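Observations on the model geometry
Each chain, written out:
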Amino acid sequence: MSSNVGVPVKLLFEAEGMKITVEMKNGEIYRGLLLGAEDTMNVSLSEVLRTSKTGQISKLSSMYLRGNSIRFIVLPNLLKSAPVFQKVAVQKRKMEAAVAARKGGEPAAKKRKRE
């Protein structure tokens with residue numbers, strides 16, 4: 001994994017080994033076990049259920065989906081507590097504190113607690 005990838009890609013890496021759902025730009029939906037992901041959001045799935053635009057369902061042993069053809073990916077709720085989100089929350093608090101310090105006020109989080 002390269003160090004300059006964004007939060008969505010890092011979250012995708014955290015989902016490796018979990019069941020995900022991928023909707024493609026052409027309307028097809030794939031649900032399967034995420035074997036691997038790349039910085040370009042290319043994903044490799046196993047034990048795949050493919051739902052076509054017409055609703056026809058087929059089973060595939062494995063599938064490789066190209067990142068630029070993906071509309072969106074549904075990840076497990078378990079990832080809400082992923083370390084990448086905790087790092088983002090810490091960075092956000094630091095940024096809010098820095099902005100407040102430049103303006104001479106206190107961070108928005110402290111103002112909300114007082115109200």
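What counts and what doesn't
- Residues numbered from 1 in each chain as written.
- Predicted model: local features only at pLDDT ≥ 70, side-chain atom pairs only at ≥ 80, totals over all residues.
- Heavy atoms only, no water.
- UniProt positions renumbered as here; feature names shortened; annotations may be inferred.
- Helix = DSSP H or I, 4+ residues; strand = E, 2+ residues; numbered from the N terminus.
- Contact = heavy atoms within 4.5 Å.
- Polar contact = N/O pair within 3.5 Å; in protein donor to acceptor, adjacent residues only side chain to side chain.
- Pairing = 2+ DSSP bridges.
- Axes fitted to C-alpha atoms, helices over the stretch in contact; angles between N-to-C directions.

- As annotated in an unreviewed UniProt entry, the protein is Small nuclear ribonucleoprotein Sm D3 from Fistulifera solaris.
- Check the Sequence similarities (unreviewed entry) section of the UniProt entry for the protein; it says "Belongs to the snRNP core protein family."

**Remarks on the environment of asparagine 42**
- Inspection of the secondary structure puts asparagine 42 in the loop between strand 2 (29–37) and strand 3 (43–51).
- As a C-alpha pair, asparagine 42 and glycine 67 span 25 residues in sequence and 4.1 Å in three-dimensional space.
- Once you skip the residues sitting within four places of it in the chain, asparagine 42 turns out to touch Gly36, Ala37, Tyr64, Leu65, Arg66 and Gly67.
- Polar side-chain contacts of asparagine 42 include one of 2.9 Å to the side chain of glutamate 38.

**Details of the sheet that holds strand 2**
- Read from one edge to the other, the open sheet built from five strands follows the order 4-3-2-1-5, with strand pairing classed as antiparallel. In this open sheet, the two strands that pair with only one neighbour each are strand 4 (57–65) and strand 5 (70–74). On average, each strand axis in the sheet is inclined to that of its neighbour by 30 degrees, with strand direction left out of account.
- Here five bridges tie strand 1 (residues 19–24) to strand 2, and the two strands are oriented antiparallel to one another. Considered in strand 2, the bridge of isoleucine 20 is made with glycine 32.

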